[in-house]
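What follows is the residue order along each chain.
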Amino acid sequence: MSYRPIVENVTEASSNQKDGLYEFIVKMVDGTKCRVFYHRFPEWKLTNISRLLQSPCPICRKDFICKCMDNFAGDIGQQIVDGQYLDKAEAK
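Conventions used here
- Throughout, a residue's number is its position along its own chain's written sequence, starting from 1.
- Under the rules for a predicted model, residues below a pLDDT of 70 receive no local features and side-chain atom pairs below 80 are neither given nor counted, while totals for whole chains, interfaces and linings still include all residues.
- Excluded from the side-chain calculations are hydrogens and water; all other atoms, namely the structure's heavy atoms, are used.
- By definition, any uninterrupted DSSP run of H or I lasting at least four residues is a helix, any uninterrupted run of E lasting at least two residues is a strand, and each is numbered from the N terminus.
- Whenever a nitrogen or oxygen atom comes within 3.5 Å of another N or O atom, the pair is scored as a polar contact, on the condition that within protein one atom can donate a hydrogen and the other can accept it, and that pairs from neighbouring residues in sequence are kept only if both atoms are in side chains.
- In what follows, residue pairs with any heavy atoms lying within 4.5 Å of each other are defined as contacts.
- DSSP calls a pair of strands paired once it identifies at least 2 bridges connecting them.
- To obtain each axis, a line is fitted to C-alpha atoms, and for helices this fit is confined to the stretch in contact; angles are then taken between N-to-C directions over 0 to 180 degrees.

Here we take up the side chain of Glu-23. Its place among the elements puts Glu-23 in strand β2 (residues 21-28). One polar contact links Glu-23 to Ser-14, side chain to side chain, over a distance of 2.8 Å. Setting aside residues up to four positions removed in sequence, Glu-23 forms contacts with Thr-11, Glu-12, Ala-13, Ser-14, Arg-35, Val-36 and Phe-37.

Here's what the structure looks like:
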């Protein structure tokens, strides 16, 4: 069975609007949480993603740092764009 990340909620954790840097906490439907970093200039770009170590990785089941979520950065980033979470952060 292949893992399919589905974004449930996105919360802005911090931002530096002057430099266009944003940090979001993304909660998946399966309970996994990730920290996602974006750079806004010249356009929105996902720069880094990392899993928060609150539960084991749903892909490799490791309970420590792994890079599995990097493989799904495109899917997660697209769901964040489709959910208009970036527009909400920019409007603040």
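What follows deals with the sheet that holds strand β4 (residues 45-51). Within the open sheet, the four strands sit side by side as β1-β2-β3-β4. Their pairing is antiparallel. Strands at the two margins of the open sheet, each flanked by one partner only, are β1 (7-16) and β4. The sheet shows a mean angle of 25° between the axes of neighbouring strands, taken without regard to direction. One ladder, built from eight bridges, connects β1 with β2; its direction is antiparallel. If you follow Asn-9 over to β2, its bridge partner there is Lys-27. Contacting β1, β2, β3 (33-39) and β4, helix α1 (residues 73-82) crosses the sheet at an angle of about 115° to β4.

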